[in-house]
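# Chain and residue survey
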Amino acid sequence: MSFSLQFNYPILSFHYDGTRTHPFRLLCTSPQFDSSISRDEEEATKDSYGENDKGHIVLVEKYRNGTLKRYVIDSDSEMKMFLEEHVPTTTGSQDLDISGMELSWLPKVIKDFVLPSGFPDTVSDDYLDYMLLQFPTNVTGWICHTLVTSSLLKAFGVGSFSGTSAAATAAASAAAIRWVSKDGIGALGRFFIGGRFGNLFDDDPKQWRMYADFIGSAGSIFDLCTPLYPSYFLPLASLGNLAKAVARGLKDPSFRVIQNHFALAGNLGDVAAKEEVWEVAAELLGLSLGILALDTPGISKSYPTLALTWLSVRILHLWFRYQSLAVLQFNTINLKRARILVNSHVLHCTVPGISECNRTENILLWQRFLKPRIIFEVSLEEMINGGKYRSMQIKQLLNLYKEEKYFLVINQQKPTDFQVFVSFKEGATSISVLRSVWQTYWLYQNWGWSDNIFDRLEQSLVELKDRFPDLLQQLNDAGWDTTNLSLKVPREMSIKELPALN
């Protein structure tokens, strides 16, 4: 492999004595990217850094865009970081992870937005053909919707097909266009949610289903305000539609995960159909009660009364939604449930059952607000500077985690707020994520017994090796699904370890 070397001043090289110095950065750009790094390539790369530099590469961080960070320990036991940026040789092709180079002409940012994570390995072979045919199907359907909307408005007296002036006809068309535009603005919310957050719903469907109702309630407030500001009907109705479309974008995929949880016999279609029966029955009853409420003079003739009635019913709706989600009993282990299970095992050497754990799970709380805080996918550069490690300690750190598929360090820049950084090596699995969570909670519960950070890390790894098999056994005995953990390994960055040169 050939490299062209470009020196940029005064960027960065690292000497890990607790400070960061900035004499230079060595930037290597490679016309061909090869994710595997052999011993010969390592020697060749070392030679390209300079004959007098007797160091060797200890690990390489790989990023999905092709960028590499090589960490080198030189003859003076100093750690240096070298950045190698990938320069693609084929224009328009920016994805290196698509097997078979399907849709190689499509920019990676668009590919990530419109296709499921891990495509094509995570979907069936007929997925793409189906979606490519569904797209024009839906386009023609919405064209029909636009034309029918115009007819409906004319039926309500907004213009007509005959007997009106050109001005009246134009006004009717403009009204139809504004009405359909309101729907289009709302659809943008679903478009954004589906493209940006599609990989979140499998992990925590209860949380996102609840958030969908909160956002839908906010959208209804905009609709409720339209009588107060009739001249702003279009912007208020559009904002309401946007919020409700975002809510629908969160609701639909979340509920599909919940339906799949119900379908133990693989009868997802039957479960979905019967859910439709329940929903339609509730819709008919709700519409009937709503019509009765509108026929009540106190509500129909008083806007404050109507608004107060809506608020009361909406709060009751949200309470029922929370209760319905709280009774769900998932036997899969996501990060929230993993925290509950691991904390119990670290403290009491037992794990709660499926029912107890699901009741304990906080549906509303975001992961970032849970304690202790775990930050995944942190580069070694950030880990080292966050912990202020010296170069000899870095070697010790690499040696500590030689049997694990991850690195975990404690962020010592925030002594009052316990926080850990975790990065995963190549070959890490969901079990690796669970092991890192167990180690985090052991450190959190045993914090302060030693001033030496490496004593703590070493002891936590000893405890992990000794007690983790018991955790898995207890999870299996309690009925948890340990073969299909909902603990995803972050894929934007991975670390490849290299053997030391003799």
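Each chain has its residues counted from 1, running along the sequence as written. Given that this is a predicted model, residues contribute local features only at a pLDDT of at least 70 and side-chain atom pairs are listed and counted only at 80 or more, while totals for whole chains, interfaces and linings are drawn from all residues. Think of the side-chain values as coming from all heavy atoms in the structure, minus any hydrogens and water.

## Thoughts on the overall build of the protein
Stated precisely, the cut-off is as follows: Strands are runs of DSSP state E lasting at least two residues, helices are runs of H or I lasting at least four, and both sets are numbered from the N terminus onward. To sort residues, take the accessible area from a 1.4 Å probe on protein chains only and compare it with the maximum for the residue type: under 20% means buried, over 50% means exposed, and anything in between is partly exposed. Working rule for contacts: check all heavy atoms of both residues, and any pair within 4.5 Å makes them a contact. Only the protein chains shown count as cover for residues, and the accessible areas themselves come from Shrake-Rupley with a 1.4 Å probe.
Along the protein, the regular secondary structure elements total 15 helices and 9 strands. Out of the 502 residues belonging to the protein, those deemed buried represent 40%. For the protein, restricting intrachain contacts to residue pairs at least 6 apart in sequence, the fraction spanning at least 24 positions comes to 65%. Accessible surface computed for the protein: about 27500 Å², of which carbon and sulfur atoms make up 59%.

## Describing a nonpolar patch on the surface
To keep things clear, this is the line we draw: Patches here are clusters of residues that have more than 30% relative accessible area and form no salt bridge, with a 9 Å joining cutoff for like charges and a 5 Å cutoff for nonpolar side chains (Val, Leu, Ile, Met, Phe, Trp, Tyr). The term salt bridge refers to a side-chain nitrogen of Lys or Arg lying within 4 Å of a carboxyl oxygen of Asp or Glu.
Taken together, Leu-228, Tyr-229 and Tyr-232 make up a surface patch of nonpolar side chains, about 340 Å² in accessible area. With respect to the secondary-structure elements, Leu-228 resides in the loop between α5 (205-224) and α6 (233-262).

## Let's talk about the packing of helix α10 (residues 335-348) against helix α15 (residues 453-477)
The condition is simple: To obtain an axis, a line is fitted to C-alpha atoms, over the contacting stretch when the element is a helix, and the angle between two such axes runs from 0 to 180 degrees between their N-to-C directions. Every angle not falling under 35 degrees, over 145, or within 65 to 115 is termed oblique; those three ranges are roughly parallel, roughly antiparallel and roughly perpendicular. Crossings are classed by handedness, with left-handed meaning an anticlockwise turn of the near helix from the far one by less than a right angle and right-handed meaning a clockwise turn.
Closest axis-to-axis distance for the α10/α15 pair is 11 Å, and the angle between their directions is 125°. Overall, the two elements α10 and α15 adopt an arrangement that is oblique. Note that α10 runs across α15; the crossing there is right-handed. Between α10 and α15, the contacting residues are Leu-341, Val-342, His-345 and Val-346 on the first element and Arg-467, Asp-470, Leu-471, Gln-474 and Leu-475 on the second.

## Considerations on the sheet that holds strand β7 (residues 406-410)
Definition in use: Think of it this way: DSSP has to see at least two bridges between two strands before they count as a pair.
Overall, mixed pairing links the 3 strands, which are arranged β6-β8-β7 in an open sheet. Edge strands, defined here as strands with exactly one partner in the open sheet, are β6 (373-376) and β7. Strand-to-strand twist across the sheet, computed as the mean angle between neighbouring axes with direction ignored, equals 20°. In this sheet, strand β8 (residues 419-424) lies alongside β7 in antiparallel orientation, the contact comprising 5 bridges. Across the sheet, the residue bridging to Val-409 is Phe-421, located in β8.

## Describing the side chain of Glu-361
The following threshold applies: Residues adjacent in sequence count toward polar contacts only when both atoms are side-chain atoms; beyond that, a polar contact is any pair of N or O atoms within 3.5 Å, and within protein one must be able to donate a hydrogen and the other to accept it.
When you line up the elements, Glu-361 lands in the loop between α11 (354-360) and β6. Of the residues examined, Glu-361 reaches a relative accessible area of 4% and is grouped as buried. Side-chain polar atoms of Glu-361 contact the side chain of Arg-337, separated by 2.9 Å.

## Focus: helix α9 (residues 303-326)
Rules: Residue count minus one, scaled by 1.5 Å, sets the expected span of a helix.
With 24 residues, α9 should cover 34 Å at 1.5 Å per step; its first-to-last C-alpha distance of 35 Å lies within 8% of that length. Regarding α9, the residues found buried are Ala-307, Leu-318 and Leu-325. For α9, the elements touching its buried residues are α5 and α6.

## Topic: the confidence of the model for the protein
For the record, the criterion: pLDDT is a per-residue confidence score from the predictor, ranging from 0 to 100.
In this model, the protein carries a mean pLDDT of 75, and residues with pLDDT of at least 70 account for 65%. The least confident element of the protein, judged by mean pLDDT, is strand β1 (residues 4-8) at 39; the most confident is α10 at 95. Considering only residues more than four positions removed or in separate chains, one finds that residues 1-37, a stretch of pLDDT under 50, has 100 contacts. Note that pLDDT drops below 50 for residues 88-101; the model gives that stretch 22 contacts with residues more than four away or on any other chain.

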